[in-house]
Amino acid sequence: MTRTRTPVVAGWFTADAEEDDFRLLGTRCSACSAVFFPREDTFCRNPACPGGELAEVPLSKRGRVWSYTDGRYRPPAPYVSDPGVDWEPYILVAVELAAEGMVVLGQAAPGVALADLAVGAEVEAVPGVLNEDQDTTWTTWHWRPAPTPEAHS
């Protein structure tokens, strides 16, 4: 059986992109150039701005770890947490995006351990799965350490 892939929140990331093309999506005000994430589609949130058109923009794929922690408790609803399954701690990462300078929170990708992270370390946004049920794979974004450039001989 094939599950339908559905973004947890539509319009917050490139839902059908391959890993190399995956990006978080924000909006930019044409009047003051302020960038927003989560996206803003109604008005510019900058109180000093007279207001402008808001256009969707892809955000930086990479950023630097601003802070991180592990969650060792079963989260409350609306998060899905099957009480019949052993609880797996998760890692939350706050990342300052490279170009925008804003901090975006998200989970670390599966397989990333606390020891793999450090404040200031470079990470990248990658597609992820929040949950699956019988019919749907609920997609989201995750943060993982950015690959380092290969040394040239």
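Since we're looking at a predicted model, the values are computed, not measured.

About the cut-offs
- Residues numbered from 1 in each chain as written.
- Predicted model: local features only at pLDDT ≥ 70, side-chain atom pairs only at ≥ 80, totals over all residues.
- Heavy atoms only, no water.
- Pairing = 2+ DSSP bridges.
- Helix = DSSP H or I, 4+ residues; strand = E, 2+ residues; numbered from the N terminus.
- Salt bridge = Lys/Arg side-chain N within 4 Å of Asp/Glu carboxyl O.
- Buried < 20%, exposed > 50% of the residue type's maximum accessible area, 1.4 Å probe, protein only.
- Phe/Tyr/Trp six-rings, centres within 6.5 Å; stacked < 30°, edge-to-face > 60°.
- Polar contact = N/O pair within 3.5 Å; in protein donor to acceptor, adjacent residues only side chain to side chain.
- Contact = heavy atoms within 4.5 Å.

Asks: Would you mind showing me how to read the sheet that holds strand β3 (residues 35-36) here?
Replies: Sheet strands pair via backbone hydrogen bonds, and the direction of the pair is either parallel or antiparallel. With antiparallel pairing, the 3 strands of this open sheet are ordered in space as β3-β2-β4. Each having just a single partner strand, β3 and β4 (54-58) make up the two edges of the open sheet. When strand β2 (residues 25-29) meets β4, the two strands line up antiparallel, connected through 5 bridges. Note that in β4 the partner of Arg28 across the bridge is Ala55.

Asks: For this particular structure, what's the right way to read the pattern of salt bridges?
Replies: It is possible for side chains of opposite charge to pair when their charged atoms get near one another. Counted by the stated rule, this structure contains 9 salt bridges. One salt bridge connects Glu132 with Arg3, and the closest N-O pair in it is separated by 3.6 Å. On the criterion of sequence distance, the pair formed by Glu132 in strand β8 (residues 122-132) and Arg3 in the segment before β1 (4-7) is long-range, its members being 129 residues apart. Across the salt bridge formed by Arg144 and Glu19, the nearest N and O atoms sit 2.6 Å from each other. With Arg144 in strand β9 (residues 136-145) and Glu19 in the loop between β1 and β2, the pair connects residues that are 125 residues apart, well separated along the chain. Looking at Glu19, the relative accessible area reads 35%, which means it is partly exposed. Salt bridges here are not isolated pairs; linked through shared partners, they connect Glu19, Arg62, Glu122, Glu124 and Arg144.

Asks: Help me understand the packing of aromatic side chains, please; the structure alone is not making it clear to me.
Replies: Remark: the centre distance and the inter-plane angle together describe each pair of aromatic rings, the angle taken between the planes. What the rule picks out here adds up to 6 aromatic pairs. Note on Phe13 and Phe22: the rings are 5.7 Å apart at their centroids and 40° apart in plane angle, and the pair reads as tilted. Take Phe13 and Phe22: they sit in the same class, and that class is buried. An angle of 65° between the planes, with centres 6.1 Å apart, marks the rings of Phe13 and Trp141 as edge-to-face. One end of the pair, Phe13, is in the loop between β1 and β2; the other, Trp141, is in strand β9, and 128 residues separate them in sequence. Here the two residues Phe13 and Trp141 agree in accessibility, since each one is buried. Connected via pairs of aromatic rings, a cluster forms that spans Trp12, Phe13, Phe22, Phe37 and Trp141.

Asks: How should I be thinking about the side chain of Arg39 in this particular structure?
Replies: Tracing the backbone through its elements, the reader meets Arg39 in the loop between β3 and β4. Note on Arg39: relative accessible area 18%, which makes it buried. Within the local environment of Arg39, its side chain forms a polar contact with the side chain of Asp41, the two groups lying 3.0 Å apart. Each residue touching Arg39, except ones within four places of it in the same chain, is listed here: Gly11, Trp12, Leu25, Gly26, Thr27, Arg45 and Glu56.

Fair warning: the whole summary comes from geometry, so function is off the table for now.
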